[in-house]
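Structural overview for review
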Amino acid sequence: MKYLFLFASLVANSFATEYKSNEISASAQVQLKRYSPNWASLDARPLPAWYDDAKVGMFLHWGVFSVPSFGGAWFWKNWKEKSSLFVNFMKQNYKPGFSYPEFAPMFTAEFYDPNQWADIFQNSGAKYVVLTSKLSRKDMPYGASIRHNFR
């Protein structure tokens, strides 16, 4: 749930300034269109103006892999494939037999401050901020019925 809040606060804060400065006319109508669960339909979606017109935006990759803070979002893949760089890192920093799922309880976001993040995003000139919800089926920052097996 805290990750849903993170996403909602990032989105809300990133758009707050833009919407404060733009008037939305009462005559503006939103047309809702249904899309089918296939690529042809999804590829027909137009880009939103705020995305298409923006010069700078941010995509955030923040998950369990942030705990070791080594090698980025593909940490688990590289470690699982026995990359010597990652195997050596684990040997030097964690107990023998340590597994990737053991990082999860350590991902506490204790220093997360949504207001500070919003200030950073706004001061950077970013017009949008997107929290990457998943890179694969590994570490999804929301409840999901399908989970990747880390063992």
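The text that follows walks through the structure, step by step, so that each part is easy to find.

Thresholds applied
- Residues numbered from 1 in each chain as written.
- Predicted model: local features only at pLDDT ≥ 70, side-chain atom pairs only at ≥ 80, totals over all residues.
- Heavy atoms only, no water.
- Helix = DSSP H or I, 4+ residues; strand = E, 2+ residues; numbered from the N terminus.
- Buried < 20%, exposed > 50% of the residue type's maximum accessible area, 1.4 Å probe, protein only.
- Areas by Shrake-Rupley, 256 points an atom, 1.4 Å probe, with all protein chains shown as cover.
- Phe/Tyr/Trp six-rings, centres within 6.5 Å; stacked < 30°, edge-to-face > 60°.

What the chain contains, in helices and strands, is six helices and two strands. Of the regular secondary structure in the chain, the N- to C-terminal order runs α-α-α-β-α-α-α-β. Classification of the 151 residues of the chain by burial places 26% in the buried group. In the structure as shown, the chain presents an accessible area of about 11,100 Å², 56% of it carried by carbon and sulfur atoms.

Before going further, it helps to examine the packing of aromatic side chains. The tally for this structure, following the rule as stated, stands at 22 aromatic pairs. Each ring, one from Trp62 and one from Trp117, has its centre 5.0 Å from the other, and the planes form 55°; the classification is tilted. Within this pair, whereas Trp62 is found in the loop between strand S1 (58-60) and helix H4 (75-80), its partner Trp117 is found in helix H6 (residues 114-124), the two being separated by 55 residues in sequence. Ring centres 6.1 Å apart and planes at 80° place the aromatic pair Trp117 and Phe121 in the edge-to-face group. On the criterion of helical spacing, the pair formed by Trp117 and Phe121 is a turn pair, its members being four residues apart in helix H6.

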